[in-house]
Amino acid sequence: MINLSKRLDVISSLVPIQANVIDIGCDHALLDIYLCQKKICKNIIATDINKNALLNAQDNIKKYKLDRKIETRLGNGLDILKDSDIIDTIVISGMGAHTIVGILKNNLDKLKNINTIIIQSNTKLEFLRKEIIKLNYIIDDEVMVVDNKKTYTVIKYIKGKKKYSRKELYFGPILLAKKDKLFISNAKSEYDKLNLLLKLLPKNKIAERYKIKKEIRLYHGIVD
């Protein structure tokens, strides 16, 4: 059995049983191999835009004798999907929010059969939540994890419609409801950074200072 990093382990835990998965930006295909070994998925398409990354993935898949279980395709995001493909779950990890949103919005027709989207982004989570909700998905689960001294947030979306407050979009509605130790610790760290930034920002930067003050107010009730 292949060993996953804590980050990939969290992602795997959010994949529905018997899902038909496309893993966009599969890198070394470690997640896909694990999902096959644990018999979580029925079908997996592992894709990457980088040829060398996909070659590494193919080597690993052959090593674990899963050539018939995991199909690999070179290409950009959902562009590689065919009408005949049976896919209901998208996994995208390790990319920036704007790249992820672009991948989804550039192929809206291919989302009609997608029931679940699992995302771990490195940037702009509020923007990411806001944009994916516009695509008629709701936030089903969120998990924060520390891996190699870095904190990651993994978000699971499912089909649906729901309105969220600014605070929920900023922090994540599930994370906000749970308020576990890692969430509180991370919130305190970000709160301190914002206060320091406000302190260092010149008084004549009125618009920037106002924006930061509004952001700081979101932390009230969480860090105090």
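Look up a bit, the structure's there.
Residues numbered from 1 in each chain as written. Predicted model: local features only at pLDDT ≥ 70, side-chain atom pairs only at ≥ 80, totals over all residues. Heavy atoms only, no water.

Enquirer: So what exactly am I meant to see when it comes to the overall build of the chain here?
Expert: The secondary structure content of the chain amounts to nine helices and seven strands. Taken over C-alpha atoms, the radius of gyration comes to 19 Å for the chain, in line with the 17 Å a tight globule of 224 residues would show. Judged by the C-alpha coordinates and their principal axes, the chain covers about 60 × 35 × 30 Å. Of the contacts formed within the chain by residues at least 6 apart in sequence, a portion of 68% connects residues at least 24 apart. Carbon and sulfur atoms form 50% of the exposed surface of the chain, whose accessible area is close to 12500 Å². The positive charge centre, built from 42 side chains, and the negative charge centre, built from 26, are 4 Å apart in the chain. (Helix = DSSP H or I, 4+ residues; strand = E, 2+ residues; numbered from the N terminus. Rg over C-alpha atoms; globule rule 2.2 N^0.38 Å. Contact = heavy atoms within 4.5 Å. Areas by Shrake-Rupley, 256 points an atom, 1.4 Å probe, with all protein chains shown as cover. Lys, Arg positive; Asp, Glu negative; His and termini not counted. Charge placed at Lys NZ, Arg CZ, Asp CG, Glu CD.)

Enquirer: Got a minute to help me understand the state of the cysteines in this structure?
Expert: Taken as a whole and assessed by the stated rule, the structure comprises zero disulfides. Cys-41 provides the cysteine sulfur closest to Cys-36, a residue in no disulfide bond, and the two sulfurs are 6.7 Å apart. Classification of Cys-36 by relative accessible area gives buried; the value is 13%. (Disulfide = S-S within 2.5 Å. Buried < 20%, exposed > 50% of the residue type's maximum accessible area, 1.4 Å probe, protein only.)

Enquirer: Would you take a moment to explain the side chain of Asp-32 for this structure?
Expert: Counting through the fold element by element, Asp-32 comes out in helix H2 (residues 30-37). Notably, Asp-32 is buried but unbridged: the nearest opposite-charge side chain belongs to Arg-7, and the N-O separation is 11 Å. What Asp-32 contacts, discounting residues up to four positions off in sequence, is Asp-23, Cys-26, Ile-44, Ala-46 and Ile-70. (Salt bridge = Lys/Arg side-chain N within 4 Å of Asp/Glu carboxyl O.)

Enquirer: Even after reading the chapter, I still don't get the packing of aromatic side chains, so can you show me in this structure?
Expert: Both the distance between ring centres and the angle between the ring planes are used here to describe each pair of aromatic rings. According to the stated counting rule, one finds five aromatic pairs in the structure shown. Ring geometry for Tyr-170 versus Phe-171: centroids 4.8 Å apart, planes at 75 degrees, classification edge-to-face. As far as burial versus exposure is concerned, Tyr-170 and Phe-171 are alike and both buried. Centre to centre, the rings of Phe-171 and Phe-183 are 5.8 Å apart; their planes meet at 75 degrees, and the pair counts as edge-to-face. Residue Phe-171 is located in helix H6 (residues 166-171), and its partner Phe-183 is located in helix H8 (residues 181-200); the two are separated by 12 residues in the primary sequence. (Phe/Tyr/Trp six-rings, centres within 6.5 Å; stacked < 30°, edge-to-face > 60°.)

Enquirer: Looking at this structure, I do not really get a positive patch on the surface. What am I missing?
Expert: A cluster of like positive charges, contributed by Lys-203, Lys-213, Lys-214 and Arg-217, occupies part of the molecular surface. As for its position among the elements, Lys-213 is in helix H9 (residues 206-217). For Lys-213, a relative accessible area of 38% puts it in the partly exposed group. (Patch = residues over 30% accessible without salt bridge, like charges linked within 9 Å, V, L, I, M, F, W, Y side chains within 5 Å.)

Enquirer: Quick question: what am I supposed to make of the pairing of strand S6 (residues 137-147) here?
Expert: A regular strand carries its side chains on alternate faces of the sheet. By the bridge criterion, 10 bridges tie S6 to strand S7 (residues 150-159) in an arrangement that is antiparallel. Note that in S7 the partner of Val-145 across the bridge is Tyr-152. As consecutive antiparallel partners, S6 and S7 are separated by two residues, and within that stretch Asn-148 has a phi angle of approximately 55 degrees, a positive value. (Pairing = 2+ DSSP bridges.)

Enquirer: Help me understand the environment of Ser-185, please; the structure alone is not making it clear to me.
Expert: Looking at where Ser-185 falls in the secondary structure, it is placed in helix H8. On a C-alpha basis, the gap between Ser-185 and Asp-83 in space is 45 Å, while along the polypeptide they are 102 residues apart.

Enquirer: Hey, could you run me through the pattern of salt bridges in this one?
Expert: Think of it this way: side chains of opposite charge can pair up when their charged atoms draw near. A complete count under the given rule lists nine salt bridges for this structure. For the salt bridge of Arg-73 with Glu-71, the shortest nitrogen-to-oxygen distance reads 2.8 Å. Across the salt bridge formed by Asp-85 and Arg-73, the nearest N and O atoms sit 2.8 Å from each other. Of this pair, Asp-85 sits in the loop between strand S3 (70-74) and strand S4 (89-95) while Arg-73 sits in strand S3, and the two are 12 residues apart along the sequence. For Arg-73, a relative accessible area of 9% corresponds to the buried category.

Enquirer: Mind showing me how you'd approach unusual backbone geometry here?
Expert: Excluding glycine, most residues fall at negative phi; most peptide bonds, likewise, are trans. Backbone geometry places Lys-65, a non-glycine residue, at a positive phi of 55 degrees. For Lys-65, the position within the fold is in the loop between helix H3 (51-63) and S3. Here Lys-124, not a glycine, exhibits a phi torsion of approximately 40 degrees, which is positive. Note on placement: Lys-124 falls in the loop between strand S5 (116-121) and helix H5 (125-133). Lys-124 gets classed as exposed once you look at its relative accessible area, which sits at 53%.

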